[in-house]
Amino acid sequence: MARAIRLVLAVAAKDIRAELRSRTALLSALVFAALVLVVFNFARDPTALAAATLAPSVLWVTFALAAMVAMNRAFTVERENSALDGLLLAPVSREALFLGKLLANLAFVGTVELVTLPLFTLFFNVSLWPHLPGILGVTALATIGFVAVGTIFSAMAVRTRFAELMLPVLLLPFMVPPLIGAVQVTSRLLADRPLSEMWGWLRLLALYDIVFVTLCTLAFSAVVDE
Amino acid sequence: MPSHDGVALIEARGLQRSYGRVRILRGVDLSLSPGEALAIIGPNGAGKTTLLRLLSGLLRPDAGEIRVLGEKLTPGAHDTRKAIGLLSHQSLLYDDLTLRENLAFAARLYGLGQPGRTAEDALRSAGMIDRGAELPRRLSRGLLQRAALARALLHSPSVILLDEPFTALDAAAAERLRADLRSRLAGGAAIVVVTHQLGDVWELATRVAVLIRGQWAADEPRSESVDAFLGRYRAMTDG
């Protein structure tokens, strides 16, 4: 067990170190998130719809699109010099490999989300600060599930000729349930609704996390092993 | 390196493999004991690289079985996989990690103690101790090959699988590699080396095999000069 945890951390640390050196995925995703917010900001008609009404949807669409940009890199780094072969040759359980990649992706997507939040308040003039613990909680809950699915689809897509195109096509349908749940909870948080109104959606998000983290961990071997 | 006297370090029986409708390997047998080095030569497309990938566990055979240290080779057989070292056409190195970081990461994957020191030792053995801070993408082809060899041999594998190991190496690096492989053979390892330059490995090999269209056309102890063997090889491939 201790060795498995060390391997998970080693794989995650390797990905984070490589990303910090190249900054390819993080910078692209951050710039992309800012651009999406700019587009939404100028595309909406402030006289037709209040910013607060639109804000939860815009926030989560931005998170989702930026996350896909960040996750695209998860396995393209393994394609260079066939580095994935090096991982698969090693006496390492596929579950540990998956959880290491998942941890690194959560760090990337979490960073993008944390930087996007202040930009979002700036563009949409919505004060998130009174609701920050709740917003961070629902963000973590929704992100874990779709990043788990994104990690395994990234491993599948990287073996195709159009990996960058394949990931959104595969992932977006699976992102719908956590996005709906996250938008619903965020709307209620911003409207100061009681927790009892969010409870059902929070349970859905937690269930999605448990089911998909487990399924993706177990299915990873079938995706990467020949 | 553990001793495995009297036991075949690697054994393959009836290996078959196809890609789509194309049959690459058509029933290949192989067995290597400690101290044996098998040099495999064959024309392009004969199935040499596929055979190495099967023996390393990266590919699964359509039929047949591979045993390493007497255990069946499966993705979950960690002790078995730990015994294998593969040098493939690619370096298996991350372009955004330095050589030292790459080797330390590989040491962690293999559960070796003191990954940092293991990486330093591997760099020193490869004659690259002053290049530990360099990124693989900035290395020349020859230096990259030396780094890839260092990664493949880092964990002192008992079964060493090498695909064109002398590619791009200068004379000094090639001699250093031959000496290293000789020492590993003396220590009880077994080596399978695929090459188009048989002369590079002739003195190292204890057996020589010819793979043509996915089958052995020859598999025999090294007993003659490389020129004589290559003469017979040309006759086999011309036929």
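Before reading further, recall that the structure is shown in the block above.
Here is a short report on the structure shown in this document. These numbers come from a predicted model, not from an experiment.

1. A few points about helix α5 (residues 141-153) of chain B
For the α-helix, the turn length of 3.6 residues means that residues three or four positions removed from each other point alike.
Logical step 1: Taking 1.5 Å per residue, 13 residues should reach 18 Å; α5 of chain B reaches 18 Å between its end C-alpha atoms and fits that length.
Logical step 2: Most of α5 of chain B sits inside the fold, with 12 of its 13 residues counted as buried.
Logical step 3: For α5 of chain B, the full list of buried residues reads G142, L143, L144, Q145, R146, A147, A148, L149, A150, R151, A152 and L153 of chain B.
Logical step 4: Buried residues in α5 of chain B make contact with α4 (83-89) of chain A together with β6 (84-87), α3 (99-109), α4 (115-125), β7 (159-163) and α6 (171-186) of chain B.

2. Points about the packing of aromatic side chains
Logical step 1: For the structure on display, the rule yields nine aromatic pairs over all chains.
Logical step 2: Ring centres of Y94 of chain B and F105 of chain B lie 5.9 Å apart, and the angle between their planes is 70°; on these two criteria the pair is classed as edge-to-face. Of the two residues, Y94 of chain B is situated in the loop between β6 and α3 and F105 of chain B in helix α3; the sequence distance between them amounts to 11 residues.
Logical step 3: Note on Y94 of chain B: relative accessible area 5%, which makes it buried.
Logical step 4: For F105 of chain B, a relative accessible area of 4% gives the class buried.
Logical step 5: Among the aromatic residues, those joined into a ring-pair cluster are F153, F174, Y208 and F212 of chain A.
Logical step 6: Here the guanidinium or amino end of K101 of chain A rests over the ring plane of F75 of chain A, the centre of that ring lying 4.8 Å away.

3. Focus on the pattern of salt bridges
Residues and elements named next belong to chain A.
Logical step 1: For the structure shown, the criterion picks out 24 salt bridges over all chains.
Logical step 2: The salt bridge involving E197 is made with R193; its shortest N-O contact spans 2.8 Å.
Logical step 3: Overall, the relative accessible area of 32% leaves E197 in the partly exposed class.
Logical step 4: What you see here is one network of salt bridges that share partners, running through K14, D15, E78 and K101.

4. As for the packing of helix α1 (residues 2-22) of chain A against helix α3 (residues 51-79) of chain A
All names here are of chain A.
Logical step 1: The N-to-C vectors of α1 and α3 enclose an angle of 95°; their axes lie 11 Å apart at closest approach. Accordingly, the angle class assigned to the pair α1 and α3 is roughly perpendicular. Contacts from K14, D15, A18, E19 and S22 of α1 reach α3 at R73, A74, V77 and E78.
Logical step 2: Considered class by class, the residues forming the contact of α1 with α3 number three nonpolar, one polar and five charged.

5. Points about the pairing of strand β8 (residues 190-194) of chain B
Residue and element names in this part refer to chain B.
Logical step 1: Taken across its five residues, β8 has five buried, putting it largely inside the fold.
Logical step 2: Covered by surrounding structure in β8 are A190, V192 and V194 together with I191 and V193, the residues of both alternating faces.
Logical step 3: Bridge count for strand β3 (residues 37-41) against β8 is four bridges, and the pairing is parallel. Considered in β8, the bridge of A37 is made with I191.
Logical step 4: Pairing between β7 and β8: five bridges, direction parallel. If you follow L162 over to β8, its bridge partner there is V193.
Logical step 5: On the question of chirality, the crossover connecting β7 to the parallel β8 by way of α6 is right-handed.

6. What about the sheet that holds strand β4 (residues 63-68) of chain B?
Residues and elements named next belong to chain B.
Logical step 1: Reading across the sheet, the four strands line up as β2-β1-β4-β5 and stay open at both edges, with antiparallel pairing between neighbours. The open sheet is flanked by β2 (22-32) and β5 (71-72), the only strands paired with a single partner.
Logical step 2: Bridge count for strand β1 (residues 10-19) against β4 is five bridges, and the pairing is antiparallel. Pairing of I10 across the sheet is with V68, part of β4.

7. A few points about the interface of chain B and chain A
Logical step 1: Opposite the 28 residues of chain B that make contact, chain A presents 28 residues.
Logical step 2: Joining chain B to chain A, the criterion identifies four salt bridges.
Logical step 3: Across the pair D85 of chain A and R53 of chain B runs a salt bridge whose closest N-O atoms are separated by 3.0 Å.
Logical step 4: Summed over the shared surface of chain B and chain A, the result is 12 residue pairs in polar contact (both at pLDDT 80 or more).
Logical step 5: Examining the composition of the side of chain B that touches chain A, we find that four residues originate from one element, α3 of chain B, more than from any other.
Logical step 6: A breakdown of the residues in the side of chain B that touches chain A according to their chemical character gives 12 nonpolar, six polar and 10 charged.

Reading the values: the criteria
- Residues numbered from 1 in each chain as written.
- Chains lettered and ligands numbered in written order.
- Predicted model: local features only at pLDDT ≥ 70, side-chain atom pairs only at ≥ 80, totals over all residues.
- Heavy atoms only, no water.
- Helix = DSSP H or I, 4+ residues; strand = E, 2+ residues; numbered from the N terminus.
- Expected span 1.5 Å × (residues − 1).
- Buried < 20%, exposed > 50% of the residue type's maximum accessible area, 1.4 Å probe, protein only.
- Contact = heavy atoms within 4.5 Å.
- Phe/Tyr/Trp six-rings, centres within 6.5 Å; stacked < 30°, edge-to-face > 60°.
- Lys NZ or Arg CZ within 6 Å of the ring centre and 35° of its normal.
- Salt bridge = Lys/Arg side-chain N within 4 Å of Asp/Glu carboxyl O.
- Axes fitted to C-alpha atoms, helices over the stretch in contact; angles between N-to-C directions.
- Parallel < 35°, antiparallel > 145°, perpendicular 65-115°, else oblique.
- Nonpolar A, V, L, I, M, F, W, Y, C, P; charged D, E, K, R; others polar.
- Pairing = 2+ DSSP bridges.
- Right-handed = clockwise from strand over helix to strand, strands pointing away.
- Polar contact = N/O pair within 3.5 Å; in protein donor to acceptor, adjacent residues only side chain to side chain.

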